[in-house]
Amino acid sequence: MCLAIPGKILSITNQLDETFRFGKVSFGGITKEVNLCMVPDAKIDDYVLVHVGVAISVVDKEEAHKVFSYLKEMGEVEELEQDRL
């Protein structure tokens, strides 16, 4: 199943110009490198929905926490933890 998972931007790690950026995003403590091109206004501490390694929208903190908890209950975040090993 393809899902967008909410995460918090911890840092902007690579920026070629105003639009082409990458950042470290935390998904409940699991950190991944994410493409931020589709969310040019996103900044550190913002929450974004990430699909296939690309942030596709900015969401508010409460919504991000709610969605992430639902995904954990459904067992849909296990893939993130497996990539960590």
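Above: the structure in question.
Residues numbered from 1 in each chain as written. Predicted model: local features only at pLDDT ≥ 70, side-chain atom pairs only at ≥ 80, totals over all residues. Heavy atoms only, no water.

**Student:** Run through unusual backbone geometry, naming residues and quoting values.
**Tutor:** The phi torsion at D45 lies on the positive side, around 80°, for a residue other than glycine. Position of D45 relative to the elements: it lies in the loop between β3 (30-35) and β4 (47-51). Not every positive phi belongs to a glycine, and V52 is a case in point at roughly 55°. You can see V52 is positioned in the loop between β4 and β5 (54-59). (Helix = DSSP H or I, 4+ residues; strand = E, 2+ residues; numbered from the N terminus.)

**Student:** Describe the pattern of salt bridges, listing the residues and the values that go with them.
**Tutor:** Inspection of every chain in the model, using the stated rule, returns four salt bridges. Among the salt bridges present, the one from K8 reaches D45, with a minimum N-O distance of 3.8 Å. Of this pair, K8 sits in strand β1 (residues 5-15) while D45 sits in the loop between β3 and β4; the two residues are 37 residues apart in sequence, bridging distant segments of the chain. Overall, the relative accessible area of 27% leaves K8 in the partly exposed class. Ionic pairing is found between K24 and E33, a salt bridge with its closest N-O pair at 3.5 Å. Of the residues examined, K24 reaches a relative accessible area of 33% and is grouped as partly exposed. The class of E33 is partly exposed, set by a relative accessible area of 38%. (Salt bridge = Lys/Arg side-chain N within 4 Å of Asp/Glu carboxyl O. Buried < 20%, exposed > 50% of the residue type's maximum accessible area, 1.4 Å probe, protein only.)

**Student:** Account for the pairing of strand β2 (residues 21-27), naming residues and giving values.
**Tutor:** Burial analysis of β2 places five of its seven residues in the buried class, the great majority of the element. One ladder, built from six bridges, connects β1 with β2; its direction is antiparallel. Its bridge partner lying in β2, Q15 is registered against R21. In this antiparallel pair of consecutive strands, β1 and β2, the connection spans five residues. Pairing analysis gives six bridges linking β2 to β3, with the strands arranged antiparallel. Along β3, the bridge assignment pairs V25 with K32. Adjacent in sequence and paired antiparallel, β2 and β3 are bridged by two residues, among which G28 carries a positive phi angle near 60°. (Pairing = 2+ DSSP bridges.)

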